[in-house]
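What follows is each chain in one-letter form.
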There are 2 protein chains.
Amino acid sequence: MSERETRKTKRVVIVGMGFGGIRAAQCLADCGLEVVLVDRNNYHLFQPLLYQVATAGLEQESIAYPVRALIRGWKNLSFRMTEVTGLSLEDRYVQTEAGGIAYDYLILAGGSETNYFGNKGVEQHAFDLKRLPDAESLRNTILGIFEQAVQVRDPELRRQLLTFVVVGGGPTGVEFAGALSELIRYVFRKDYPTLDLDESRVILLEAAPAILLAMPEKLREYAKKNLERMGVEVRCNTMVADAGPGTVTLAGGEVIVARTLFWSAGVKAAPLAGMVPGDKGPGGRIPVNPDLSLPGYDGVFVVGDMALVMQDGKPLPMVAPVAMQQGRYAARAILQREQGGQPEPFRYRDKGSMATIGRSSAVATGFGVSLSGYFAWLAWLFLHLYYLIGFRNRIVVLLNWAWYYWFHERQVRLITTPECTEPVLPKENNHG
Amino acid sequence: MSERETRKTKRVVIVGMGFGGIRAAQCLADCGLEVVLVDRNNYHLFQPLLYQVATAGLEQESIAYPVRALIRGWKNLSFRMTEVTGLSLEDRYVQTEAGGIAYDYLILAGGSETNYFGNKGVEQHAFDLKRLPDAESLRNTILGIFEQAVQVRDPELRRQLLTFVVVGGGPTGVEFAGALSELIRYVFRKDYPTLDLDESRVILLEAAPAILLAMPEKLREYAKKNLERMGVEVRCNTMVADAGPGTVTLAGGEVIVARTLFWSAGVKAAPLAGMVPGDKGPGGRIPVNPDLSLPGYDGVFVVGDMALVMQDGKPLPMVAPVAMQQGRYAARAILQREQGGQPEPFRYRDKGSMATIGRSSAVATGFGVSLSGYFAWLAWLFLHLYYLIGFRNRIVVLLNWAWYYWFHERQVRLITTPECTEPVLPKENNHG
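Here is what the cut-offs are and how they apply
Residues numbered from 1 in each chain as written. Chains lettered and ligands numbered in written order. Predicted model: local features only at pLDDT ≥ 70, side-chain atom pairs only at ≥ 80, totals over all residues. Heavy atoms only, no water. Helix = DSSP H or I, 4+ residues; strand = E, 2+ residues; numbered from the N terminus. Axes fitted to C-alpha atoms, helices over the stretch in contact; angles between N-to-C directions. Left-handed = near helix turned anticlockwise from the far one by under 90°. Contact = heavy atoms within 4.5 Å. Nonpolar A, V, L, I, M, F, W, Y, C, P; charged D, E, K, R; others polar. Pairing = 2+ DSSP bridges. Salt bridge = Lys/Arg side-chain N within 4 Å of Asp/Glu carboxyl O. Patch = residues over 30% accessible without salt bridge, like charges linked within 9 Å, V, L, I, M, F, W, Y side chains within 5 Å. Areas by Shrake-Rupley, 256 points an atom, 1.4 Å probe, with all protein chains shown as cover. pLDDT = per-residue confidence, 0-100.

1. Considering the environment of Gly-73 of chain A
Phase 1: Of note, Gly-73 of chain A is situated in the loop between helix H4 (67-71) and strand S5 (77-81).
Phase 2: Between the C-alpha atoms of Gly-73 of chain A and Ala-29 of chain A, which are 44 residues apart in sequence, the distance is 9.6 Å.

2. Some points on the packing of helix H7 (residues 132-150) of chain B against helix H9 (residues 171-191) of chain B
All names here are of chain B.
Phase 1: Where H7 contacts H9, the axes come no closer than 13 Å and their chain directions differ by 35°. Handedness of the H7/H9 crossing: right-handed. Residue-level contacts link Leu-138, Ile-142, Leu-143 and Phe-146 of H7 to Phe-176, Leu-180, Leu-183, Ile-184 and Phe-188 of H9.
Phase 2: Of the residues belonging to the contact of H7 with H9, the class tally is nine nonpolar, no polar and no charged.

3. Examining the sheet that holds strand S25 (residues 353-356) of chain A
Residue and element names in this part refer to chain A.
Phase 1: Pairing in this open sheet of three strands is antiparallel, and the strands run S25-S26-S27 from one edge to the other. Lying at the two open borders of the sheet, with one neighbouring strand each, are S25 and strand S27 (369-372). Across the sheet, the mean angle separating the axes of adjacent strands is 5° when strand polarity is ignored.
Phase 2: Two elements, S25 and strand S26 (residues 362-366), share four bridges in a ladder whose sense is antiparallel. By the bridge assignment for S26, Met-354 is matched with Ala-364.
Phase 3: Its contacts with the sheet place helix H9 (residues 217-229) against S26 and S27, and it is angled at close to 170° to S26.

4. A few points about the pattern of salt bridges
Any two side chains of opposite charge can pair, given that their charged atoms come close.
Phase 1: One pass over the full model with this rule turns up 33 salt bridges over all chains.
Phase 2: Here Lys-268 of chain A ties to Glu-113 of chain A by a salt bridge, and the two come within 3.9 Å at their closest N and O atoms. Within this pair, whereas Lys-268 of chain A is found in strand S19 (residues 267-269), its partner Glu-113 of chain A is found in strand S10 (residues 112-114), the two being separated by 155 residues in sequence.
Phase 3: Arg-139 of chain A is the partner of Glu-61 of chain B in a salt bridge, and the nearest nitrogen-oxygen pair spans 3.3 Å. On the criterion of chain membership, the pair formed by Glu-61 of chain B in helix H4 (residues 60-63) and Arg-139 of chain A in helix H6 (residues 132-151) is interchain, its members lying in two chains.

5. Here's the deal with a nonpolar patch on the surface
Phase 1: Taken together, the side chains of Val-369, Leu-371 and Phe-375 of chain A define a hydrophobic patch exposed on the protein surface, amounting to about 280 Å² of accessible area.
Phase 2: Mapped onto the elements of the fold, Phe-375 of chain A is located in helix H11 (residues 374-387).

6. Brief notes about the confidence of the model for chain A
All names here are of chain A.
Phase 1: Mean pLDDT for chain A: 88, with 88% of residues reaching 70 or above.
Phase 2: Taken as a whole, residues 419-432 scores under 50 in pLDDT and shows 37 contacts with residues more than four places along the chain or in a different chain.
Phase 3: With pTM at 0.88, the complex prediction returns an ipTM value of 0.85.

7. Describing the packing of helix H2 (residues 19-27) of chain B against helix H11 (residues 320-338) of chain B
Residue and element names in this part refer to chain B.
Phase 1: Packing of H2 against H11 leaves a shortest axis separation of 7 Å and a crossing angle of 35°. As H2 runs across H11, the sense of the crossing is right-handed. Between H2, through Phe-19, Gly-20, Arg-23, Ala-24 and Cys-27, and H11, the contact on the second element is made entirely by Ala-320, Ala-323, Met-324, Gly-327, Arg-328, Ala-331 and Leu-335.
Phase 2: Residue classes in the contact of H2 with H11 are distributed as eight nonpolar, two polar and two charged.

8. Overview of the sheet that holds strand S25 (residues 353-356) of chain B
All names here are of chain B.
Phase 1: In space, the three strands of this open sheet follow the order S25-S26-S27, with antiparallel pairing throughout. Only two strands of the sheet have a single neighbouring strand rather than two, namely S25 and strand S27 (369-373). Within this sheet the neighbouring strands show an average axis-to-axis angle of 5°, counted without direction.
Phase 2: With five bridges connecting them, strand S26 (residues 362-366) and S27 associate as antiparallel partners. Bridge assignment links Gly-366 to a residue of S27, and that residue is Val-369.
Phase 3: Strands in contact with helix H10 (residues 217-229) are S26 and S27; relative to S26, the strand with the most contacts, it is inclined by about 170°.

Structure representation (structure tokens):
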């Protein structure tokens, strides 16, 4: 690789501009090394708020930040929008659709994708929320469903249209079910005066005995009660066996007649993990050394959802705070290596977790404290301000969320691609 | 139609929720008649700002207003999102994909579509801006082009990528060319520090001897100078003969090597006009009576771009203010009919026209006054506030435009569907 020899400074390549990759990039800004950022999209996506876009609470631009805007002004950071097609770890370069990129250090932060656990029926018929187009597509579908329901006369057909099944009682499923229920009960009630919205159901299914298992029991109870108060039917100890166009079949045989199935019951490592040699752990995750380096390959680190890191006998969860701490750690480990040092093993500091339930309520736990209700929601808001440190326009971003959230509940109810509203149910013969 | 006989109140059906249809609906709110609004999309689109979405200055939700939000609270207005498939004017009902809708009065306000004047090559390869998805698609393409250009080594290939041809020197073409040039020179200069943006060209072609023909000569000169100062090459007396993937051929044979062709050189009546019996005028427009009613069919009115209305020996132009005045007129004509009166013939009051050139400059003419520069731009802003009267959330909408326009020049640079960035040029073999 004569190109590497002629380069004066060492190069770090970071694949993936999610939480792990972005945090690593921020920590390597102005560090003296050349840093090349790679992602198939040109933006960093704030995934936790995808459900807001899907339920018409925010628009896409509020939760996606162009990478080039984030790295402006830092001369050692550059970005290439391209897809990684392979990894040549012995020769130390990353293969992409735009050619190979040689590296001295590599941080793999490709994230995760939805795990359907091999269930083909579910995979074919379910919606999920991992990528930005998912959210707009789901929003268009939800709105389109109500537009169809207005024109449907057969009550059974209408109820099928208006029944939504959400699978997965973790924060994603809880937040989506809550926001969807609010959208229907508060916004659609006024938009669709001719519809009897009592015909609409939002059903949240969880295989475990309780939702939000990562939270203390008191908060789980609070969340469940709030969801039910908002009209969500919460069913625990319930597993989905199959799904078809218009039905969801539970283990045990019960069939729920529903047009829409939303799946947030599991994630697995992104396909990028499959390009890394070696055995994988559960969810396809890559086992790493205590310093997050890839065993057997010098200078390669894996962070975020793709990495399998054991702590206190359990794998670290696939959540944003873990990815952010690991991304920062990997960046610092590289800098320490350059200075001849050796980093301490990585240790995740769990600062708690949160889930919103509707517009002004949430549950939050951290630092030995449990919060619920409006204070938890405020804590959620401030925590995200903290998260945004390192983003130059963080105040603008936060104000934008607030602005949209409070003032634009009407604006975002657009069906931007009518193709998403193709009816999957037989048309009726209406005349009126 | 026994259904009509059993209805207690008369029904107005308005097809099309553009400027004409929305204005008619607003004037019929709380009027005692039942009003059914029909559109294939669930929003009213503020078309004049599509170019802002296409050049990453505004997001979609800023310029599209859900119809249901607009009509909330007015019990006599209802909306059906469906496509009109035919018109049965003798039997007085509109055929749609969701069934037939009977009417006592009908207002056709279907708008217009892009006119390629039969040029198949241009139609196949050009972008246009008439519908909301057009704008997002064009934005994704522009951003994707620059992401590709960063990774292209062949200078000829790169120049081809970075050359944009805009056809049509009316307000649409002028505004788009100006905004695109600003995006490249001010925003992309910082986002793509490795690109030599002097390689990028924005070329505005106009068949007539001057751009903005509807404006006084002094303003035309001003606009042309400003565009040139912003880096746009303005070529008048220039017609396009053909277009291919990567080239634009002028009448006379000159070939411009350009990846992107934008066509705003003409519009014609929407296909809905073809469902109306009778001969059509230029552009497929429907000749109407002096009271905008359709000859031979009682109770049917045609407004907006689809209507051919002669005034002072010339057809009225296909612009928003004409559609708005006609929509209001048709609504009032219906109310007068119901009270036994007869409306005066329609007469358009030309209050002037405007075009923006970049972020803080514009040309505007009206009431015998010509404005240019910053004051014209302010006039543009206030005129749009006036336009928004009738929209409940007009202050919010205007603030939103301002908010986005000034603060979010960075946010909207998202490529939301990477499929739009498929390279149409052969890939190179890069290694670095």
